[in-house]
Amino acid sequence: MFRYFPFILKNTLRNRRRSILTISSIAVSLCILGVLMALYQAMFFGEPTPAQALRLITRHRVSLTQPIPISYREKIQRIPGVRGVMAWQWFGGVYKDRRDPNNFFPRFGAEPEFFFQVYPEFQIPDDEKQAFQHERTGAVISRTLADQMHFKLGDRITLVGDIFPVTLDLKLVGIFDEPSHAAILYFNRAYLRDALGANNPRQNEVGAFLIQAVNADDVPRIADTVDRQFDNSPFPTRTESEKAFQLSFAAFVGNLKLFIMAIFGAVTFTVLLVSGNTISMSVRERIREVGILKTLGFTPGAILSIILGESVFISIVGGALGCLLASGICGVMRKGPGGNFMAALRTLEISPAVAVLCIATALLIGLISSSLPAWSASRTSILDSLRSTG
Amino acid sequence: MAETVIETHQLTKEFVRDAFHVVALKEVDITVVRGEFVALMGPSGSGKSTLLHLIAAMDRPTSGEILVLGQNLRSLNDRAIAKWRNAHIGFIFQSFNLIPVLSAIENVELPLKLTNLSKKERLEHATTALQLVGLGDRLHHLPRQLSGGQEQRVAIARAIVTDPDLVLADEPTGNLDAGSAQEVLTLLSRLNKEFAKTIVMVTHDPHAAHFATKARHLEKAELLPEGQVPADWK
Ligand SMILES: Nc1ncnc2c1ncn2[C@@H]1O[C@H](COP(=O)(O)OP(=O)(O)OP(=O)(O)O)[C@@H](O)[C@H]1O
Ligand SMILES: [Mg+2]
């Protein structure tokens, strides 16, 4: 097989434009496949961090937009294995100008007294942590958001509510570092509650609870216990791990998994057809040479491996280029605004496993698309091959 | 008695395609012994190429027996035949049939790629073969950079580089001008005389046949007895 390689290389270079076009089409397709695989991996295979593995989120069973009573907190807190419970409120609202997508960073109401306990991986100086706990209008933001928006401590951040009929005038009191590099803001939920006014029933509602378990092994049991407890109440709940929640949050439109698979399948199928067609074209053109090689004593197997080899070579070069391209795209997506809404995007990368998978897919595409032309060329009789004027 | 290289009995080849039924070779008995240079002659369509293809095991007979170098060709499978051909047969085409993307030396090296020789040995052998055909100074030329006569000499080098027992040539001078044809025929004659190669050459050209040690004639798919020529033969 190896001694045919120089010959295979020369065959590849023979019709440079066609080889370049084939390599490009495989590279572009494999780039799409690579990004899809990276997305899939980041979202569905990403291992939760130890701190994340301890967290669960409880929300209304129907949807995240339906509130649940704040009174659930005591009941959840009493479940064995629960270390802490924090109310968690999606705020939405408008910051400054709607036209700048950077202004769409997510903001949540949280409880400062529990916040850094349930998020132990968030690093913040002690005095800033104290300030968050003591200033009712205080807000903390991630380093990523601070860098992106050029926020400094002491800045005023005004959020005009849309879901809630209030305007929050927040003061930036702390900047924390966190591993997922999300651009995110947390404010004191008590401020929102006060702003709603004493008679507003929404004072006693909350979007979700963040539960911290003592032990990661208890997480499934806790989720089960919580949901069973509120099964027959007017506000049934759904409790899931933070990882699963982030996914359902991102994927509430349709089935993301299926969607990724469908694109993956379509792209693979298309590139198979395209390269299959190109390869059978170039094999047809050279069928006479196949006859010459056979006359010289090349066995059908050797012919097969030369043709397969050429196609696999082209595909692997295309696959490697596609991988590089995909890794560039992942880099751009990692920094883009999408990560604000789907933390998994912040970890988007072409990991070695994805790269290997990508090249292996390319190799398979090369093998499959050339197998038919290679097989029929190896079977064509010498005289038929030599007679061909292709 | 010299060693028999080719021996056929009642060798017959028919082509059946759709409504057509062509007998290309009919009950041919031919014997070629080691060291002979046989010119195979006959009108167009008389079955010369067909006989040569059967001897080279590039096609299979419809009936009859064929023994080449003591090997019953009907008993080998495709893979074994390929290996056998690589080891024992050198084939020269009318239209040279070099691989256009490979240089002269790479073309000549091709059949050696199927042997156990190292790259260095392969290149040495290929160089020697090209020197023998007088192209020692054209090793790295591509086929399109060579004249027809030079291309055919590269093809001859490729046919003899494995040191085959039998060289088969199908109208090797058919595409060449008189001068180049003369060179090629002289070369084949040298291979026969100096290197004791057994050669079977198909040709239309009586002048070419003079380089051979013996001529055999085919007419309408049948081999004429030795010494006999077709009635309309000039
Ligand atoms: N693959 C094939 N299918 C059908 N008929 C064939 C095939 N190959 C050869 N023939 C027929 O067999 C006969 C002998 O052909 P062959 O090629 O051996 O002739 P030839 O003596 O070499 O002629 P030429 O001098 O023109 O090369 C011809 O009638 C030809 O049409
Ligand atoms: Mg012929």
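1. What to know about the overall build of chain A
1) Next: Counting secondary structure elements, chain A contains 15 helices and twelve strands.
2) Next: Here the C-alpha coordinates of chain A stretch approximately 95 × 45 × 35 Å along the principal axes.
3) Next: In the structure as shown, chain A presents an accessible area of about 18000 Å², 62% of it carried by carbon and sulfur atoms.
4) Next: Averaging the positions of the 40 positive and the 31 negative side-chain charges in chain A gives two centres separated by 11 Å.

2. As for the overall build of chain B
1) Next: Tallying secondary structure elements over chain B gives seven helices and eleven strands in all.
2) Next: Here the C-alpha coordinates of chain B stretch approximately 45 × 45 × 40 Å along the principal axes.
3) Next: Of all intrachain contacts in chain B linking residues separated by at least 6 positions in sequence, the fraction that spans at least 24 positions is 69%.
4) Next: If you average the places of the 25 positive and of the 28 negative side-chain charges in chain B, the two averages end up 5 Å apart.

3. Things to note about the packing of helix H5 (residues 148-160) of chain B against helix H6 (residues 178-194) of chain B
Residues and elements named next belong to chain B.
1) Next: Viewed as axis vectors pointing N to C, H5 and H6 meet at an angle of 15 degrees, and their least axial separation amounts to 9 Å. It follows from the interaxial angle that H5 and H6 lie roughly parallel. Handedness of the crossing formed by H5 with H6: right-handed. Every residue of H6 that contacts H5 at Gly149, Gln152, Arg153, Ile156 and Ile160 is listed here: Ser180, Glu183, Val184, Leu187, Leu188 and Leu191.
2) Next: Taken together, the residues that form the contact of H5 with H6 break down as six nonpolar, three polar and two charged.

4. Some points on the packing of aromatic side chains
Residue and element names in this part refer to chain A.
1) Next: In total, this model carries 25 aromatic pairs over all chains according to the counting rule given.
2) Next: Ring geometry for tyrosine 4 versus phenylalanine 298: centroids 5.8 Å apart, planes at 40 degrees, classification tilted. Here the residue tyrosine 4 occupies a position in the segment before helix H1 (5-14), and phenylalanine 298 occupies one in the loop between helix H12 (287-295) and helix H13 (300-335), the gap between them amounting to 294 residues.
3) Next: Accessibility expressed as a relative area gives 9% for tyrosine 4, which makes it buried.
4) Next: Judged by centre distance (5.7 Å) and plane angle (85 degrees), the rings of tryptophan 88 and phenylalanine 245 are edge-to-face. With tryptophan 88 in strand E3 (residues 82-90) and phenylalanine 245 in helix H10 (residues 242-250), this residue pair connects regions lying 157 residues apart in the sequence. There is no split in this pair, since tryptophan 88 and phenylalanine 245 are both buried.

5. Quick notes on helix H8 (residues 189-196) of chain A
Residue and element names in this part refer to chain A.
1) Next: Inspection of H8 places Arg189, Ala190, Tyr191, Leu192 and Leu196 among the buried residues, and these make up the whole buried set.
2) Next: Summarising the contacts, the buried residues of H8 are in contact with E3, strand E5 (107-110), strand E8 (167-176), strand E9 (185-188) and strand E10 (205-206).
3) Next: The residue sitting at the N-terminus of H8 and contributing the capping side-chain oxygen is asparagine 188; that oxygen lies 2.9 Å from the backbone nitrogen of alanine 190.
4) Next: Trailing H8 by a residue or two, glycine 197 shows a phi angle of about 95 degrees, which is positive.

6. Structural notes on the site of ligand 1
1) Next: Ser44, Gly45, Lys48, Ser49 and Thr50 of chain B are the nearest of the 15 residues found near ligand 1.
2) Next: Lying at an intersection of chains, ligand 1 is approached by residues of chains A and B.
3) Next: Glycine 45 of chain B is positioned with one of its backbone polar atoms (N or O) 2.8 Å from an oxygen atom of ligand 1.
4) Next: Interatomic distance of 2.8 Å between a side-chain N/O atom of lysine 48 of chain B and an oxygen atom of ligand 1.
5) Next: Burial of ligand 1 by the surrounding chains reaches 70%, relative to a free accessible area of 630 Å².
6) Next: Those elements giving two or more residues to the shell around ligand 1 turn out to be strand E1 (4-17), strand E2 (20-28) and helix H1 (48-55) of chain B.
7) Next: No other element matches the three residues that H1 of chain B contributes to the shell around ligand 1.

7. A short note on the domain arrangement of chain A
1) Next: The domain architecture assigned to chain A consists of domain 1 (2-47 + 254-387) and domain 2 (62-235).
2) Next: Once you take the C-alpha centre of each, domain 1 of chain A and domain 2 of chain A turn out to be 47 Å apart.

8. A closer look at the sheet that holds strand E11 (residues 222-223) of chain B
Whether parallel or antiparallel, the strands of a sheet pair through hydrogen bonds between backbone atoms.
Residues and elements named next belong to chain B.
1) Next: The strand order across the open sheet formed by six strands is E7-E8-E9-E4-E10-E11, and the pairing between neighbours is mixed. A strand with exactly one partner marks an edge of an open sheet, and here the two such strands are strand E7 (89-92) and E11.
2) Next: Judged from the five bridges that link them, strand E8 (residues 166-170) and strand E9 (residues 198-202) form a sheet pairing that is parallel. Residue pairing for E9: leucine 166 is matched across the bridge by threonine 198.
3) Next: Docked against the sheet, helix H2 (residues 78-88) engages E7 and E8, running at close to 80 degrees with respect to E7.
4) Next: Where H5 meets the sheet, it contacts E7 and E8, and its direction lies at approximately 165 degrees from that of E7.

9. What about the sheet that holds E5 of chain A?
Residues and elements named next belong to chain A.
1) Next: Spatially, ten strands are ordered E4-E7-E8-E6-E9-E5-E3-E11-E1-E12 in an open sheet, and the strand pairing comes out mixed. The open sheet has two free edges, formed respectively by strand E4 (94-95) and strand E12 (237-241), since each of these has just one partner strand.
2) Next: In the sheet, strand E1 (residues 55-60) pairs with strand E11 (residues 208-213) via five bridges, with the strands oriented antiparallel. Note on E11: the bridge partner recorded for arginine 59 is alanine 208.
3) Next: Packed onto the sheet, helix H6 (residues 126-134) meets strand E6 (138-142), E8 and E9 and runs at close to 160 degrees relative to E8.

10. A look at the pairing of E5 of chain A
A regular strand carries its side chains on alternate faces of the sheet.
Residue and element names in this part refer to chain A.
1) Next: Of the two faces of E5, the one lined by Arg107 and Gly109 and the one lined by Phe108 and Ala110 are each fully buried.
2) Next: Where E5 and E9 come together, four bridges link them in parallel fashion. Counted as the bridge partner of phenylalanine 108 is tyrosine 186 from E9.

11. Quick look at the interface of chain B and chain A
1) Next: Taken together, the contacts link 29 residues of chain B with 23 residues of chain A.
2) Next: Summed over both partners, the interface of chain B with chain A buries about 2200 Å², with 64% contributed by carbon and sulfur atoms.
3) Next: Contact with chain A buries surface across chain B, with Val101, Lys113 and Leu114 of chain B losing the most and accounting together for 24% of the total.
4) Next: Linking chain B with chain A are two salt bridges.
5) Next: The residue glutamate 106 of chain B makes a salt bridge to lysine 10 of chain A at a minimum N-O spacing of 2.6 Å.
6) Next: One can count five residue pairs in polar contact (both at pLDDT 80 or more) joining chain B with chain A.
7) Next: Within the side of chain B that touches chain A, the residues separate by chemical class into 14 nonpolar, five polar and ten charged.

Cut-offs used in this document
- Residues numbered from 1 in each chain as written.
- Chains lettered and ligands numbered in written order.
- Predicted model: local features only at pLDDT ≥ 70, side-chain atom pairs only at ≥ 80, totals over all residues.
- Heavy atoms only, no water.
- Helix = DSSP H or I, 4+ residues; strand = E, 2+ residues; numbered from the N terminus.
- Areas by Shrake-Rupley, 256 points an atom, 1.4 Å probe, with all protein chains shown as cover.
- Lys, Arg positive; Asp, Glu negative; His and termini not counted.
- Charge placed at Lys NZ, Arg CZ, Asp CG, Glu CD.
- Contact = heavy atoms within 4.5 Å.
- Axes fitted to C-alpha atoms, helices over the stretch in contact; angles between N-to-C directions.
- Parallel < 35°, antiparallel > 145°, perpendicular 65-115°, else oblique.
- Left-handed = near helix turned anticlockwise from the far one by under 90°.
- Nonpolar A, V, L, I, M, F, W, Y, C, P; charged D, E, K, R; others polar.
- Phe/Tyr/Trp six-rings, centres within 6.5 Å; stacked < 30°, edge-to-face > 60°.
- Buried < 20%, exposed > 50% of the residue type's maximum accessible area, 1.4 Å probe, protein only.
- Polar contact = N/O pair within 3.5 Å; in protein donor to acceptor, adjacent residues only side chain to side chain.
- Near = heavy atom within 4 Å.
- Domains from an automatic or database assignment.
- Pairing = 2+ DSSP bridges.
- Buried area = accessible area lost by both parts, 1.4 Å probe.
- Salt bridge = Lys/Arg side-chain N within 4 Å of Asp/Glu carboxyl O.

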